[in-house]
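Chain and residue survey
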Amino acid sequence: MWVEDWAPRAACKSEQPDKLFVRGAEQNKAKALCQGCPVRTECLAEALDNQIEWGVWGGMTERERRALLRRKPTASWRAVLETARMAQARESVSA
């Protein structure tokens, strides 16, 4: 199920925002905050759909997001990611 009001559920909500807007090796630490986050997909969709240029969102750096946007342009990343999540949930139920 897609979470509309995802920010209050984010694993990083209690972190200082400066920890998510870093460069170089510090980005790996920021990305580690995203591992296991219950709303990681919603966060990533937000960043991709709004072409947010800075920071780590949904476990991806700005460079990774730009590369993804170039490789696979789409009108709505939310739709793509929500569909993928539903398909994965159906597969896990039928397995």
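Let us look at the structure shown here. (Residues numbered from 1 in each chain as written. Predicted model: local features only at pLDDT ≥ 70, side-chain atom pairs only at ≥ 80, totals over all residues. Heavy atoms only, no water.)

A word on the environment of Glu-15
For Glu-15, the location among the structural elements is in the segment before α1 (26-34). Spatially, the C-alpha atom of Glu-15 lies 14 Å from that of Gln-27, the residues being 12 residues apart in sequence. Of the polar contacts made by the side chain of Glu-15, one reaches the side chain of Lys-19; its length is 3.2 Å. (Helix = DSSP H or I, 4+ residues; strand = E, 2+ residues; numbered from the N terminus. Polar contact = N/O pair within 3.5 Å; in protein donor to acceptor, adjacent residues only side chain to side chain.)

A word on the packing of aromatic side chains
Counting across every chain of the model gives 1 aromatic pair. Centroid distance Trp-6 to Trp-57: 6.4 Å. Interplanar angle 75°. Geometry classified as edge-to-face. Placement of Trp-6 in the segment before α1 and of Trp-57 in the loop between α2 (40-49) and α3 (62-71) is noted, with a sequence separation of 51 residues between them. Residue classification places Trp-6 among the buried positions, given a relative accessible area of 13%. (Phe/Tyr/Trp six-rings, centres within 6.5 Å; stacked < 30°, edge-to-face > 60°. Buried < 20%, exposed > 50% of the residue type's maximum accessible area, 1.4 Å probe, protein only.)

Concerning α2
Residues Glu-42, Cys-43, Leu-44, Ala-45, Ala-47 and Leu-48 constitute the buried set of α2. In the core, the buried residues of α2 are packed alongside α3 and α4 (77-94). Two residues or fewer past α2, Gln-51 is found with a positive phi of approximately 45°. (Contact = heavy atoms within 4.5 Å.)

Structural notes on the pattern of salt bridges
A complete count under the given rule lists 7 salt bridges for this structure. Arg-78 is the partner of Glu-4 in a salt bridge, and the nearest nitrogen-oxygen pair spans 2.7 Å. With Glu-4 in the segment before α1 and Arg-78 in helix α4, this pair connects stretches of sequence that are 74 residues apart. Residue class for Arg-78 comes out partly exposed when judged on its relative accessible area of 27%. As a salt-bridge pair, Glu-64 and Lys-31 come within 2.7 Å of each other at their nearest N and O atoms. Linking Glu-64 in helix α3 with Lys-31 in helix α1, this pair joins segments that are 33 residues apart in sequence. Glu-64 gets classed as partly exposed once you look at its relative accessible area, which sits at 29%. By relative accessible area, Lys-31 is classed as buried at 18%. (Salt bridge = Lys/Arg side-chain N within 4 Å of Asp/Glu carboxyl O.)

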